[in-house]
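# A closer look at the structure
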Amino acid sequence: MGGILINKDEILSKSRKENKDRDLYEIEVQLHAGSIGSTTGIILATLLFVTQILIGEGFDFGLYAVIISISAAGFIFKAFRMRRKRDIVLATIYGLATIILTVAHILKLIKDYGMIG
């Protein structure tokens with residue numbers, strides 16, 4: 001029909017060279033798995049946070065510091081690689097939230113164990 005015939009092995013070989021032997025499906029699955037993992041962590045942290053409040057043990061900002069730091073690290077990495085304004089703004093917001101929650105957690109621990117005020 002006037003077209004160029006290329007066999008399947010040639011196409012796969014060219015695709016591997018273009019993608020530097022990375023399987024795009026595998027990359028997509030890995031990204032999706034990371035997203036599911038992060039969401040699961042957020043749900044578990046929320047459950048533990050609410051349970052701790054309901055039983056009268058106060059707030060544990062450390063849980064959210066850890067969870068937020070995961071997103072912060074991802075946005076910081078994307079901000080450096082992609083240099084998009086959205087990623088830079090989110091990296092800043094999540095980074096600051098991580099710092100604030102970490103400081104709040106440490107101050108609460110110090111106060112609870114009688115090291116200050």
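Here is a short report on the structure shown in this document. Throughout, a residue's number is its position along its own chain's written sequence, starting from 1. For this predicted model, a pLDDT threshold of at least 70 governs which residues receive local features, and a threshold of 80 or more governs which side-chain atom pairs are given and counted, while totals over whole chains, interfaces and linings are taken from all residues. Note that the side-chain values use all heavy atoms of the structure and ignore hydrogens as well as water.

## Some words on helix 3 (residues 61-82)
Selection criterion: Where helices and strands are cited, they refer to DSSP runs of H or I of at least four residues and of E of at least two residues respectively, numbered from the N terminus. What a helix should span is 1.5 Å times the count of its residues minus one. Burial here depends on accessible area, computed with a 1.4 Å probe over protein chains only, as a share of the maximum for the residue type. Under 20% is buried, over 50% is exposed, and the range in between is partly exposed. Any pair of nitrogen or oxygen atoms within 3.5 Å is treated as a polar contact; in protein, a donor-acceptor pairing is required on top of that, and neighbouring residues in sequence qualify only through side-chain atoms on both sides.
In this model helix 3 runs 31 Å from its N-terminal to its C-terminal C-alpha over 22 residues, within 8% of the 32 Å that 1.5 Å per residue would give. For helix 3, the complete set of buried residues consists of Gly62, Tyr64, Ala65, Ile67, Ile68, Ala72, Phe75 and Ala79. Put simply, Asp60 is the residue that caps the front of helix 3, since its side-chain oxygen is 3.1 Å from the backbone nitrogen of Gly62. Following helix 3 by one or two positions, Arg83 adopts a phi angle in the positive range, close to 55 degrees.

## Some words on the side chain of Asp87
As a reminder of what qualifies: Working rule for contacts: check all heavy atoms of both residues, and any pair within 4.5 Å makes them a contact.
Of note, Asp87 is situated in helix 4 (residues 85-112). Judged by relative accessible area, which is 0%, Asp87 ranks as buried. If we skip the residues at most four places from it in the chain, Asp87 touches Phe75, Lys78, Ala79 and Met82.

## Remarks on the environment of Thr39
Tracing the chain through its elements places Thr39 in helix 2 (residues 24-54). Under the relative-accessibility criterion, Thr39 is labelled partly exposed at 41%. Considered as a pair, Thr39 and Ile67 are 28 residues apart in the sequence and their alpha carbons are 9.3 Å apart.

## So, unusual backbone geometry
Even without a glycine there, the phi angle at Arg83 is positive, about 55 degrees. Along the chain, Arg83 turns up in the loop between helix 3 and helix 4. Judged by its relative accessible area of 62%, Arg83 falls in the exposed class.

## Describing the packing of aromatic side chains
To keep things clear, this is the line we draw: Between the rings of Phe, Tyr and Trp (Trp by its six-membered ring), a pair exists once the centres lie within 6.5 Å; its type follows the angle of the planes, with under 30 degrees stacked, over 60 edge-to-face, and the other angles tilted.
Inspection of every chain in the model, using the stated rule, returns two aromatic pairs. Here Phe49 and Tyr64 contribute two aromatic rings whose centre-to-centre distance is 5.2 Å and whose plane-to-plane angle is 80 degrees, an arrangement assigned as edge-to-face. Here the residue Phe49 occupies a position in helix 2, and Tyr64 occupies one in helix 3, the gap between them amounting to 15 residues. For the pair shown, Phe49 and Tyr64 are each scored as buried. Considering the side-chain rings of Phe75 and Tyr94, the 5.2 Å spacing of their centres and the 35 degrees angle between planes classify their relative orientation as tilted. Here Phe75 is found in helix 3, whereas its partner Tyr94 is found in helix 4, with 19 residues between them in sequence. Among the residues examined, Phe75 registers a relative accessible area of 16% and is labelled buried. You can call Tyr94 partly exposed: its relative accessible area is 27%.

## Here's the deal with the nonpolar core
Our working rule: In this text, buried Ala, Val, Leu, Ile, Met, Phe, Trp, Tyr and Cys residues form a nonpolar core when linked through side-chain atoms within 4.5 Å.
Core analysis: the biggest nonpolar cluster contains five residues, these being Phe49, Tyr64, Ala65, Ile68 and Leu101. The element that contributes the greatest number of residues to this core is helix 3, accounting for three residues. With sequence-adjacent residues up to four places away left out, Leu101 is seen in contact with Phe61, Tyr64, Ala65 and Ile68.

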